[in-house]
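The lines below spell out each chain.
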Amino acid sequence: MCRHLAWLGAPRTLAELTLDRPSGLLRQSWAPRRMRHGTVNADGFGVGWYAPALRPEPARYRRAVPMWTDASYASFAGTVSSGCVLAAVRSATVGMPVEETATAPFTSGTLLLSHNGRVHAAAAMRELQARTDGAAVPESRCDSAVVAALLWERTSRLPLAKAVADVVLTLGDLTEPDGPPARLNLLVTDGTQIVATTWRDTLSYREGPDGVLVTSEPDDDEPGWVDVPDQQLLVADTRKVTLSSLIS
């Protein structure tokens, strides 16, 4: 349905993280190796990054075109570096709009979010309307935008990791009539930590001396990658990666 990544550590350029790796996000836009649903990710892409010396909120670049077609991104990606980056390529759920506002990363304040998967959008919207007061209006009618709005409401009253887990557990059993169950691999950062979930899709991470990379799938075949089991909550900072079960 999508592929995404988050980096936290020493500054790296956007090109290093998204374009230059042998099986990185650019290649995953047309030839993902572990994607379970769909074949290509050609319905848009987006990148968010932090420049804390300038402002706490992240910068963001999104397009509703395949990553490989955007010469403008390729021209500047090697000149922008950051110690925290979140990026995604999109394969739109059937019936969902293909537009910039439906493309990750979604943002609110200091947060960036990507959703790899699908959820029953109408049911998720009912959840948003029923359980929140003054919640953000989703910027698109796509399912991922509704998931983002639900998370923004939760983070107003819960720590980030608990808010992410609460959204996944709330939406995890929602299904369309005679449709597939929800898939909710979320990837979220506030610039100082990465929070991710596995809920019916793939996730891997690799720790190195200069940081941690969390991805839908490994971007090379070198050793050191750890595959995250299903129904896990991953929390990473520059010191360690912690996994815990989403199901008590």
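Above this text sits the structure in question.
### Digging into the state of the cysteines
- One pass over the structure, following the stated rule, counts 0 disulfides.
- A disulfide-free cysteine, Cys 2 has its sulfur positioned 9.1 Å from the sulfur of Cys 142, the nearest such atom.
- On the basis of relative accessibility, which here comes to 9%, the residue Cys 2 falls in the buried class.

### Remarks on the sheet that holds strand β10 (residues 211-215)
- Spatially, 7 strands are ordered β3-β2-β4-β1-β10-β9-β11 in an open sheet, and the strand pairing comes out antiparallel. Only two strands of the sheet have a single partner each, and these edge strands are β3 (59-63) and β11 (226-227).
- Across 5 bridges, the pairing between strand β2 (residues 45-49) and strand β4 (residues 81-90) is antiparallel. Bridge assignment links Gly 46 to a residue of β4, and that residue is Ala 88.

### Thoughts on the side chain of Asp 143
- If you trace the backbone, Asp 143 turns up in helix α5 (residues 143-155).
- If sequence neighbours within four positions are ignored, Asp 143 has contacts with Thr 93, Met 96, His 115, Gly 117, Arg 118, Val 119 and Ala 121.

### Section: the packing of aromatic side chains
- Counting across every chain of the model gives 6 aromatic pairs.
- Ring geometry for Tyr 73 against Phe 76: centres 5.4 Å apart, planes inclined by 90°, an arrangement best described as edge-to-face. Of this pair, Tyr 73 and Phe 76 both sit in helix α3 (residues 71-76), 3 residues apart, roughly one helical turn.
- A relative accessible area of 1% means that Tyr 73 is categorised as buried.
- What links up through ring pairs into an aromatic cluster is the set Phe 45, Tyr 61, Tyr 73 and Phe 76.
- Seen from the ring of Trp 7, Arg 12 lies directly overhead, with NZ or CZ sitting 3.8 Å from the centre.

### Things to note about the environment of Val 226
- Tracing the sequence through the fold places Val 226 in strand β11.
- Using a relative accessible area of 32% as the deciding quantity, one classes Val 226 as partly exposed.
- Each C-alpha atom, one on Val 226 and one on Ala 10, is 20 Å from the other, the two residues being 216 residues apart in sequence.
- What Val 226 contacts, discounting residues up to four positions off in sequence, is Leu 203, Ser 204 and Tyr 205.

### A look at empty space enclosed by the protein
- Per the counting criterion, the structure on display carries 3 cavities of 30 Å³ or more.
- Volume-wise, the largest cavity comes out at about 120 Å³.
- Around the largest cavity, the lining is made up of 18 residues, and of these Cys 2, Arg 90, Ala 102, His 115 and Ser 144 lie nearest the centre.
- Within the lining of the largest cavity, the residues separate by chemical class into 9 nonpolar, 7 polar and 2 charged.
- Lining the second largest cavity are His 4, Leu 5, Leu 17, Gly 24, Leu 25, Gln 28, Thr 215, Ser 216, Glu 217 and Asp 219.
- At the level of elements, β1 (2-13) and α2 (25-28) are the ones that each hand at least two residues to the lining of the second largest cavity.
- Residue composition of the lining of the second largest cavity, by class: 3 nonpolar, 5 polar and 2 charged.

### Things to note about the pairing of strand β8 (residues 194-198)
- β8 sits mainly inside the fold: 5 of its 5 residues count as buried.
- In β8, alternate side chains face the same way, and those of Ile 194, Ala 196 and Thr 198 on one face and Val 195 and Thr 197 on the other are all buried.
- Sheet topology note: the strand β7 (residues 183-189)/β8 ladder contains 3 bridges and is antiparallel. Paired with Thr 189 across the bridge in β8 is Ile 194.
- The antiparallel pairing of β7 with β8 creates a hairpin that spans 4 residues between the two strands, and Gly 191 there sits at a positive phi of about 95°.

### Focus on the sheet that holds β8
- Strand order across the open sheet formed by 6 strands is β5-β6-β7-β8-β12-β13, with antiparallel pairing between neighbours. Bordering the open sheet on either side are β5 (106-108) and β13 (241-245), each of which pairs with just one other strand. Taking each pair of neighbouring strands and ignoring which way they run, the sheet shows an average axis angle of 20°.
- Strands β5, β6 (111-118) and β7 of the sheet are contacted by α5, whose axis makes an angle of about 135° with β6.

What counts and how
- Residues numbered from 1 in each chain as written.
- Predicted model: local features only at pLDDT ≥ 70, side-chain atom pairs only at ≥ 80, totals over all residues.
- Heavy atoms only, no water.
- Disulfide = S-S within 2.5 Å.
- Buried < 20%, exposed > 50% of the residue type's maximum accessible area, 1.4 Å probe, protein only.
- Pairing = 2+ DSSP bridges.
- Helix = DSSP H or I, 4+ residues; strand = E, 2+ residues; numbered from the N terminus.
- Contact = heavy atoms within 4.5 Å.
- Phe/Tyr/Trp six-rings, centres within 6.5 Å; stacked < 30°, edge-to-face > 60°.
- Lys NZ or Arg CZ within 6 Å of the ring centre and 35° of its normal.
- 1 Å grid on protein atoms, 1.4 Å probe; cavity = no way out; pocket = protein on both sides within 12 Å on 5 of 7 lines; lining within 4 Å.
- Points joined across faces, edges and corners; volume = space filled by probe spheres on them.
- Nonpolar A, V, L, I, M, F, W, Y, C, P; charged D, E, K, R; others polar.
- Axes fitted to C-alpha atoms, helices over the stretch in contact; angles between N-to-C directions.

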